[in-house]
Every structure is written in C-alpha cells, then in structure tokens.
Amino acid sequence: MGILEVKNVNKRFGGLQALGDVNLSVEENKVHAIIGPNGAGKSTLLNCLVGKLIPDTGSVMFDGQSVLGRKPYEINQMGISRVFQTPEIFGDLTVLENMMIPIFAKRDGAFRMHAIESAEQEKSIIDQAMAMLEDLNMADKRDFHTASMSRGDKRRLEIGMCLAQKPRLLLLDEPTAGMARADTNATIDLLKEIRDTRDITIAIIEHDMHVVFSLAERITVLAQGTPLVEDTPDKIKGHPKVREAYLGEAT
Amino acid sequence: MDAIILQILNGLDKGSAYALIALGLTLIFGTLGVVNFAHGALFMIGAFCAVTLSKLLNASYTTIDESRTDFLGNPLKVEQPYVIDWFGPEVGAAIIDWSVPLAILFAIPVMILIGVIMERGLIKHFYNRPHADQILVTFGLAIVLQEIIKFYFGANPIPTPAPDAFTGSFDFGQVIGFDANQIIYPYWRLVYFAFAAVIIGAVFAFLQFTTFGMVVRAGMADRETVQLLGINIDRRFTIMFGLAAAVAGLAGVMYVPINPPNYHMGMDFLVLSFVVVVVGGMGSLPGAVAAGFLLGILESFASMGAVIDLLPGINQIIIYLVAIIILLTRPRGLMGRKGVMEE
Amino acid sequence: MLGLNSKDFRLLLLVAALALLAPFILNPFPADSAMAQFNAGYPDLMQRFVIFGVFAIGFNILFGLTGYLSFGHAAFLGVGSYSAVWMFKLLSMNVIPAILLAVITAGLFALLIGYISLRRSGIYFAILTLAFAQMSYALAYSVLTPVTGGETGLQLALDDPRVLGAAQSAQGNIPVPGLFGLEMRDAAQLNLGDWVFTFSAGYYFSAVVMLIAFYLSIRIFRSPFGMMLRAVKSNQQRLNYTGLNARPYTLAAFVISGMYAGLAGGLMAAMDPLAGAERMFWTASGEVVLMAILGGVGTLIGPVLGAGLIKYMENIISKINADILHSWFAFLPDGLEDFIVSIMYPFIGKGWHLTLGIIFMAVVIFLPGGLVEGGQRIARLFRRRKSGEAAKDDDAKQSTVAE
C-alpha cells in the first residue's frame, strides 16, 4: 500500500481521452518518476493529484484520504508540496521572506490573522527559514529580491520552500525544463541530496531521461493516457515496449 | 405594447452610444491587450470636434444694416458668417445648418491622428505592464484630455443643434400602425441609431472581409502565432487603435444634438461602457455591441413609471446590478472567450 | 519602540512631529505678504490633509499590499459619514461614538461588498467595486433619501432627538461636535510678528487619529499578515500551493481598508456634521487612487504625502488666477510677462486638474514608486556624490530592502 494511490482514473476533454484507467501506487520514501512522450497525459495526471482537475471516474488517495474535490491549499495542508515547471516563487519578496511563508503556513494553517505581531520578532520561524537557507547554501542571499535571481537559484529556492514545510510527498513537474546544463546538474545534485538525507516521498514528472535515470527508484511509463509499464530504472531501460513507445522515438 | 416599443426606442440612442464606445474598447483590448480608461475622453473629443466645426462655420463679422433698427432706434448690427459670404446665402446657410453631420468628415482624420499619437506615444510602452498600470496611466490621460477641453471650451454644456430637417419629433407609432400620438420619437435619435448601425456594420465588415481585418482577427485570437508567420501585427494594431478612436469620436460627434456636450461627458459614459464591455465579455466584439444595446434598453425600461413604483430607484442602479449578477454567475460575460483576463 | 524597529519608529516620530507642528510648517509666510496665499496652515485645509491621509493609508493597505485595485472605496467613506451624522442626531455630539459607529458600519459594508467582489480579480474586481460604489451613490441620492437626506445631504436639525445631550445649545443653535466639552471648531491663534498661527482642536484631534491609524498601518505592513498580503500580490499560485487560502487574507485587507475609509468619513463628519452622496461618487474613489499612486503605492508614508499634495493643489494652486500671475511677473518686460503668464495660466487656478493629471501620468510612467521613490532617488544621488563609488554597494542593498 503506497502513500499515494491512484485507482482507475479516467479523464476526457471533449472527445479526447486524456487519461484512461490510470492505476498508480507511489511507495513511501521512494523517488517515483512518471515519464512519457508529449501528450501522454503527464500534466493531466499531475493536475488531478493537486486538485486542479477532477477526474471523471476513479479515486486519488493520499495516506488513506481522498484528495479529489479539495482546493490546492487544502491538499498542501495534507502534506503534498508541488514544484512547478517554471519556478513559482514570490518575486517581489526577499529570499528570507519567501522561505518564511511556507513555514508560517505549516505552523498557522490556511489562514491566521496575525496583523499586529511583528514578522521580525518571529524568532523560531526565522531560525527555521535560515536553517533551510543554510542547507541550500543561500543564506548569504537572504535579503535579495528573488525576481533578479538566476533560474537555477529560483528553482533551488522553490524546492527549499517546499521542503521547509516537511511535506510527506513532493511533486516535481519537469524540474529542469528550460534550464542550462549547469543549473540542471545542480538541481539533480540537490534532489539526490534530498533523496538521500530526508524521509520524503518524491513523485517526479520528467521528460529528460538523464534526470530520470539519475534520480528515480521506480518508473512508470505513460503512453496515450495509460500506464504502459512500471518497474525499476534498470528494467525500464531494456524494456521493449518502452523502447517502442518512447525511447525509440526520442533517440 | 406601445409603451414597450417606446421604451425600446428610448433605449436605442444611449444603447447606440454604449455599443460604439464598448466596440472601440473591445477592439483595443482584444488587439493590444490594453485596458483603455481614456476611451471615454475620445468620445468626448469627438463631440467637441462637432462643436469646433460648428463654431468655425459660424465665425462671422459684424455689419451694420442701415435699413433696420433695433429697439433703441439705432441701426441694427448684423452678424454675417463668412461662410455665407463665400458660398452665397442658400448654400452657406445649409452648410451651417448641417455642421454636425459635416463634422464627421472633420472628426475622422482628427480622431485617427489622436488615436495613433496616443498609441505610439504612450500606450505602446504599457503593453507589458500590469493591467493596473494601464488603467492608471490611461486614467491620467483622460484627466489631462478633459482638462484641456475644459480650458478651451469652458465647463458648461454647449448646445449644438442638429440640422433643421431633423429637429423635432415624428409619430413613429402611426408609421407602424398604432393610433396617433402613442409613440412620438425625435428624428435625430433615429438618425443616431441608424448611424451607429452603419458604423458597427462597417467595422464588422472591415474585420470580416478585408485581408487587413482577417490578420487583425487572427492576431486577436492568437497574437504569437500570427507574428511567427512574419506578419507585422504591431503596425496593424496601431491602425486599429486609430480606428477605435475614430469610432468613439464619431459616436461623440453625432451625440452632440442629443445632449449638449461638456468636458466630463466622456467619463460618465466610460464608466458605463466598461460595465458594458464586462457584461458583453472582455474581448468579444459582438458581445460588446449586444450588451451595449441590451443595457441601454434595460435602463430605459427601468425608467418606466410602473417599474419605478414597483422597485424605487431601480432605474439608477439597473446597469450595475446586471453587471454584478453577470460577473458573478458568468465571469466571462455574455459572449466572452475563455481565458481572457482571468489570470 | 512600540513594537517597531528603529527605522520605522523614526518614521513614525517624523510623521508625528510634522503633524503636530503643521500649523507652523504650513504657514511659512507672513499673513499680509504676497506669498500668504501659499499658506496652508488654516484648520479646514489641515484637517483635510490628515483625514484624506487616513483614507489613503487605508486604501494603500488594500492596493499597496494585495494589488487589488478598488475603484469604489469612496462608498465606505460615505457610509462612515452618514453613520457619524446619525450618531450626532440620535445619541450625542461626542465624536467618539460617532467615529466608532462610522468605522463599524463601514467595516460591515466592506465585508459584504468585499465578500462578493473578491470572487474576481484584476479588472473584474475593479469594475465590481466600481459598480457597487455607483449603486450606493445612486441609492443614497434617490431611494434612501429618508436615511441619507438625498440631494441636500444629511444634516443636523434643531429637532434632533439626541438621547444623551441637548437638542439645542443654550443660544438655541444646533450644537457642535465635540470631545467631552472640547468643541471641534475651537481654535487658538498665536501672533508672532507678522505671522499668524492657528491651532484648531478639530485638527489636533484628527491628527492624533491619523497618527494612530498610521502606526497601525506600520504594524500591519511589518506583520506576518502583511507579508501574506504581499505574497498574494506577488504570486497567488504559489500561495495556494503553499497551503494558504488567499481569499480570507484579501477579504481581511479589504475590510480593514474599508474601516479606514469609514474612519476618514467619520472624521469628516466630526469636523463638519453633514454628509452627502457626492462623497461616494466614483470620482472620489478615483481621487484616493491618485493619492496613493502619487505618493508611492505600497510605501508607508507615500499615501499621506499624496493626499497632502492633492489637497494642497486643490485648495492652494486652484486659487491662483491670472491677476496673481501678472503681479508675480510684473518685473519682466510686458511682452515677456504676458507670454509667461499665458503659458502658465492653463496649469494653475481652475486648471489645477490638468497639472495633477500630468504629474500623475509622469509618476505612473517614470516613477512607479511615486514621490517616495523620487525622494529615495534624489537622496541616493546626493549620497553618491558625497562618498563616491564606495557607496555603491550600500545602494544596492538599500534598494533591495527599501520600503
């Protein structure tokens, strides 16, 4: 029984079957990659996991609770954090403030009216935020405005903001899309470090084979909205069906 | 029945003005993605084009007519317009009489010029700024434009009559088979409606049947793709801005005989026209036109005595009420496209 | 101090000093001099400075922090004024209950309108607030005449019930709003040589209220709540996926900002106990937008500066006429004098709106941070001259944390 269980999920857009009978089980504390060619339904699946889309049929259970019909912030409060394709951070705020917000959200829930307290006096929040920035090697950038940072740094910060909430499941949507080689490698290293040092489940949707095979412990191949195979990276590499559906086209 | 027809007719002139302004607003929003708070000012400037031309044509010098005397027994001073000297008494008088319709010819180049200058000089720098900034800068521009008009024309409304042939009313009811004196309707309002219909038809035909219009429509639907085809969409959009300005200006020119123009008439219409655009659906041209007439007619119905007795004050708030209901139940408006301004 | 860091506390002290010394600062010219018309230190105008300051501070909490542009904020100001006048009519001429009721009713009204309007964002939100405010205006003007006084506005009368307090003063006049015996229109005059300074009770009361409002707004800006509001403006997507519900945050900001507007409306009624529908008209909402943007939206002090600038122009620049201009430039040769006067004339006197519009456009185009950003730029220029290149690093840091 995995921490995330997707059962018989179907989703149609008009005449197009975007997802057909998707079954997926993500095991706790594993890195599970979902790969597939363009249009395989990866993004649709992800959107079903985070409350942005509701499947026509089927269930999505996180730790025994259904996520369907819940708002994104409720799903986050259940313990699921999401990293976007283009880094979504608070561009007008400083690095430290960016890091404080998820920690506030973890402590205070979806809404709390703390309008008179001073944010500068929130020692424990700041300490936690700084600790996370230290882990990311970004402590020296605490007062920078994030809008001016490089894409790699933004990605790093975004992942850090998700980790700061100590989520049980981290969803990554093509985390290295559009990145320069150096930034890609830095991101892979960061994710490896997270995998090896933290108790966290990671589900990653990715196009880049290099990223997938350096990180994943389990891989599901999606083609035309349906899971083709699910196995370890080594098995996937040699799998004839996968070659035919995906790798054959890609190489 | 006659009361209903009368209210529909009464709603048509305001509805026409709303529709024309909303059409231009939507053209600008759809093509350039800019929320133009100065559009009402363009309508107002159009109205003052008519005022200006009328004043120019009435420019006169004073002569003394020895054959007549005023009430003090002095020789009568007569204002003699230059136009009459130049074209003779009959043609000259006709030109003066027809100054408002003639102002159309005067207003088209003026408005297009103002529109193009506005777009090139100011608006184009705001394409990539947030909508709030666009609203603010055009709001500022609207203030500047109306203050300039106020400086030259004063704060009071300036009555400018329609040609004699169109002043007065006629019995519209009899024309369509009702008893006499049931539906009395001023000629000029009918002219205004017909004029608006022609302009709206011309804009749609232009967009539908010319290559230029096709490119613009394609650009409204998907700007990037059109640019990928190597078509310079920006220049066309500039021209569209000039066109939208001209439409608003012409709406203003012809509105002058219905309501004497003053410097803040543009703002008064703008607020309502924005509501019209939102009700019609941001970015939808047919939506803007339909909503313009719909709200104009609704407003006129809400002003009926029987309705006011039933719901006091409804005539004052009907448009806003409809806008609120539409926005909350159909966020895209009546005919809006998905994804426009939804962030 | 007072829960503020030293920089904010200094700002608060500065504003307090300016507000308390305003009768001197705004009256720099001798009473009989030619420049006396630039003196703004008379009670009526000073009251307007601080009252509109309160209004703009409140508007800035909504627009400056969350980025939601409300074009209907004057509705709350109007509701505040009506509530306060009713309190004067029914309860007592003491300004405290009147202002409290003004804040509460404006808050409730903002809760209702905000709850509905905040279901949309961007231009739709602006149009919704505008529509609600125009509806309130139209209703106040017509149907609600029994409550609002309609076209004539709501005024005190000699036969008001007034439960706590007399219906009429000893002389048989309508009594004046006051604070435990201190009448709002009381004033003391100080003559120093040619200078005349007026200290008005109403002004000082309003100024203290403004300082409290300003202090609270600093606390809100620096609080975790304020940080969340800035996060709403910055990236709602990330906020939602960080487990935070944006709606109650924006609604809270909207209500707080509506209560500030109600406070301003209540103060207005306390200074002059009448209320009219025109206070709710959309141009009044537009005015507070201008104030916040001109001064510097999202900055602490900006809205107060913007309010001051606009009210100064409205009351002082608007009074300059052609004769005054001619007298200024009388020392020039006649032709040149006429030329300069004719160039300046459109921009002053009744044309002050034109000047305002031009300044406003210039600010939106070149100085998105308003007067505050302008001041910062000038200050930085000076510092750079002083300490040369060494200051550059410091500047970079300054610009990142500048508020």
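Relevant structure appears above.
In this report, we go over the structure that sits alongside the text.

How each quantity is defined
Residues numbered from 1 in each chain as written. Chains lettered and ligands numbered in written order. Predicted model: local features only at pLDDT ≥ 70, side-chain atom pairs only at ≥ 80, totals over all residues. Helix = DSSP H or I, 4+ residues; strand = E, 2+ residues; numbered from the N terminus. Rg over C-alpha atoms; globule rule 2.2 N^0.38 Å. Buried ≥ 20, exposed ≤ 12 C-beta atoms within 10 Å, placed from the backbone. Contact = placed C-beta atoms within 7 Å. Nonpolar A, V, L, I, M, F, W, Y, C, P; charged D, E, K, R; others polar. Pairing = 2+ DSSP bridges. Axes fitted to C-alpha atoms, helices over the stretch in contact; angles between N-to-C directions. Core = buried A, V, L, I, M, F, W, Y, C linked by C-beta atoms within 7 Å. Parallel < 35°, antiparallel > 145°, perpendicular 65-115°, else oblique. Left-handed = near helix turned anticlockwise from the far one by under 90°. Expected span 1.5 Å × (residues − 1). Arc of directions from axis to C-beta.

### A short note on the overall build of chain A
Thought 1: Scanning chain A from N- to C-terminus turns up nine helices and 10 strands.
Thought 2: Taking 251 residues into account, the globule formula puts the C-alpha radius of gyration at 18 Å, and chain A, at 19 Å, falls close to it.
Thought 3: Once the C-alpha set of chain A is aligned to its principal axes, its extents read approximately 60 × 40 × 30 Å.
Thought 4: For chain A, buried positions account for 43% of its 251 residues.
Thought 5: The long-range fraction of contacts in chain A, counting pairs at least 24 apart against all pairs at least 6 apart in sequence, stands at 68%.

### A word on the overall build of chain B
Thought 1: Per the secondary structure count, chain B includes 15 helices and four strands.
Thought 2: Taken over C-alpha atoms, the radius of gyration comes to 22 Å for chain B, in line with the 20 Å a tight globule of 343 residues would show.
Thought 3: Along the longest, intermediate and shortest principal axes, the C-alpha atoms of chain B span 75 × 50 × 35 Å.
Thought 4: In chain B, which comprises 343 residues, the share counted as buried stands at 47%.

### Thoughts on the interface of chain B and chain C
Thought 1: Listed as interface residues are 32 residues of chain B and, on the opposing side, 34 residues of chain C.
Thought 2: Listed by contribution, the elements that provide at least two residues to the side of chain B that touches chain C are α6 (131–153), α12 (265–280) and α15 (314–329) of chain B.
Thought 3: Considering only residue class, the side of chain B that touches chain C consists of 25 nonpolar, four polar and three charged.

### Details of unusual backbone geometry
Thought 1: Residue Gln224(A) is not a glycine yet carries a positive backbone phi of 50 degrees.
Thought 2: Its place among the elements puts Gln224(A) in the loop between β9 (218–223) and β10 (226–231).
Thought 3: Phi angles above zero are rare outside glycine, and Arg162(C) is one such case at about 45 degrees.
Thought 4: Taking the C-beta count within 10 Å as the criterion, Arg162(C) has 18 such neighbours and is therefore assigned partly exposed.

### Some thoughts on the sheet that holds strand β2 (residues 16–26) of chain A
Residue and element names in this part refer to chain A.
Thought 1: Strand order across the open sheet formed by four strands is β2-β1-β4-β5, with antiparallel pairing between neighbours. Lying at the two open borders of the sheet, with one neighbouring strand each, are β2 and β5 (65–66).
Thought 2: Bridge count between strand β1 (residues 4–13) and β2: seven bridges; the pairing is antiparallel. Paired with Phe-13 across the bridge in β2 is Leu-16.
Thought 3: The sheet contacts of helix α1 (residues 42–49) involve β1, β2 and β4 (57–62), and relative to β2 the element is tilted by about 60 degrees.

### Some remarks on the sheet that holds strand β3 (residues 31–35) of chain A
Residues and elements named next belong to chain A.
Thought 1: Within the open sheet, the six strands sit side by side as β6-β7-β8-β3-β9-β10. Their pairing is mixed. Edge positions in the sheet fall to β6 (80–83) and β10, since each of these pairs with one other strand and no more. Strand-to-strand twist in this sheet, taken as the mean axis angle between neighbours without regard to direction, amounts to 20 degrees.
Thought 2: The pairing of β9 with β10 spans five bridges and is antiparallel.

### Quick word on the nonpolar core
Soluble, globular proteins show a tendency: their nonpolar side chains are buried together.
Thought 1: Judged by nonpolar contacts, the single largest core of 302 residues is most densely connected at Val275(B), Ala323(B), Val54(C) and Phe55(C).
Thought 2: For this core, the leading source of residues is helix α11 (residues 246–271) of chain C, giving 17 residues.
Thought 3: Setting aside residues up to four positions removed in sequence, Val275(B) forms contacts with Ile319(B), Tyr320(B), Ala323(B), Ile127(C) and Ala131(C).
Thought 4: If you look at the next biggest cluster of nonpolar residues, it comprises five residues, including Leu9(B), Phe172(B), Ile183(B) and Tyr185(B).

### Some remarks on the packing of helix α2 (residues 39–57) of chain B against helix α5 (residues 99–121) of chain B
Residues and elements named next belong to chain B.
Thought 1: Two numbers describe how α2 lies on α5: the axes approach to 8 Å, and their chain directions differ by 130 degrees. Considered as vectors, α2 and α5 are oriented oblique to each other. Viewed along their axes, α2 and α5 form a crossing whose handedness is right-handed. Facing Leu-42, Ile-45, Gly-46, Cys-49, Ala-50, Leu-53, Ser-54 and Leu-57 of α2, the residues of α5 in contact are Ser-99, Val-100, Leu-102, Ala-103, Phe-106, Ala-107, Val-110, Met-111 and Ile-114.

### Overview of helix α4 (residues 123–135) of chain A
Residue and element names in this part refer to chain A.
Thought 1: Spanning 13 residues, α4 covers 18 Å between terminal C-alpha atoms, matching the ideal 18 Å at 1.5 Å per step.
Thought 2: Of the positions making up α4, those classed as buried are Ile-125, Ala-129, Met-132 and Leu-133. Projection of α4 onto a plane perpendicular to its axis shows the buried side chains occupying an angular sector of 100 degrees, all on one side. Seen from the open side of α4, the exposed residues pointing more than 90 degrees away from its buried face are Lys-123, Ser-124, Asp-127 and Glu-134.

### Description of the interface of chain A and chain C
By a frequent convention, interface size equals the accessible area lost on bringing the separate parts together.
Thought 1: Tallying the contact residues gives 34 residues for chain A and 28 residues for chain C.
Thought 2: No other element matches the six residues that helix α3 (residues 95–108) of chain A contributes to the side of chain A that touches chain C.
Thought 3: Taken together, the residues of the side of chain A that touches chain C sort by class into 18 nonpolar, eight polar and eight charged.

### Focus on the environment of Pro248(C)
All names here are of chain C.
Thought 1: By the secondary structure assignment, Pro-248 is in helix α11.
Thought 2: Owing to 15 C-beta atoms within 10 Å, Pro-248 belongs among the partly exposed residues under this scheme.
Thought 3: For the pair formed by Pro-248 and Gly-64, sequence separation is 184 residues and the distance between their alpha carbons is 17 Å.

### Looking at the environment of Leu163(A)
All names here are of chain A.
Thought 1: Tracing the backbone through its elements, the reader meets Leu-163 in helix α5 (residues 151–163).
Thought 2: Between the alpha carbons of Leu-163 and Ile-103 there is a distance of 9.7 Å; along the sequence they are 60 residues apart.
Thought 3: With residues up to four places along the chain from it excluded, the contact list for Leu-163 reads Met-132 and Ile-194.

### Looking at the pairing of β1(A)
Residues and elements named next belong to chain A.
Thought 1: If you look at the hairpin formed by β1 and β2, you'll find two residues sitting between the two strands, and Gly-14 has a positive phi there, around 60 degrees.
Thought 2: Strand direction decides the pairing type here: β1 and β4, joined by five bridges, are antiparallel. Across the sheet, the residue bridging to Lys-7 is Ser-59, located in β4.

### Some thoughts on the environment of Leu294(C)
Residue and element names in this part refer to chain C.
Thought 1: Turning to its location among the elements, Leu-294 is positioned in helix α12 (residues 282–295).
Thought 2: A tally of 27 C-beta atoms within 10 Å means that Leu-294 is categorised as buried.
Thought 3: Considered as a pair, Leu-294 and Thr-242 are 52 residues apart in the sequence and their alpha carbons are 34 Å apart.
Thought 4: With near-sequence residues (within four places) excluded, Leu-294 lies in contact with Gly-306, Leu-309, Ile-310, Ile-359, Phe-360, Val-363, Gly-370 and Leu-371.

### A look at the packing of helix α8 (residues 201–222) of chain C against α11(C)
All names here are of chain C.
Thought 1: Packing of α8 against α11 brings their axes to within 10 Å, and their N-to-C directions diverge by 170 degrees. As the angle between them shows, α8 and α11 are arranged roughly antiparallel. Note on element contacts: α11 touches α8 through Tyr-260, Leu-263, Leu-267 and Met-271, opposite Gly-202, Ser-206, Val-209 and Ala-213.
Thought 2: A class-by-class count of the residues in the contact of α8 with α11 yields six nonpolar, two polar and no charged.

### Examining helix α8 (residues 187–209) of chain B
All names here are of chain B.
Thought 1: Helix length check: α8, at 23 residues, gives a terminal C-alpha distance of 32 Å against a target of 33 Å (1.5 Å per residue), a fit within 8%.
Thought 2: Within α8, burial applies to Trp-188, Arg-189, Val-191, Tyr-192, Phe-195, Ala-196, Ile-200 and Val-203.
Thought 3: Residues of α8 that are buried in the fold lie against α1 (2–32), β4 (184–186), α11 (233–255) and α13 (285–302).

Distances and angles like these do not, on their own, reveal function.
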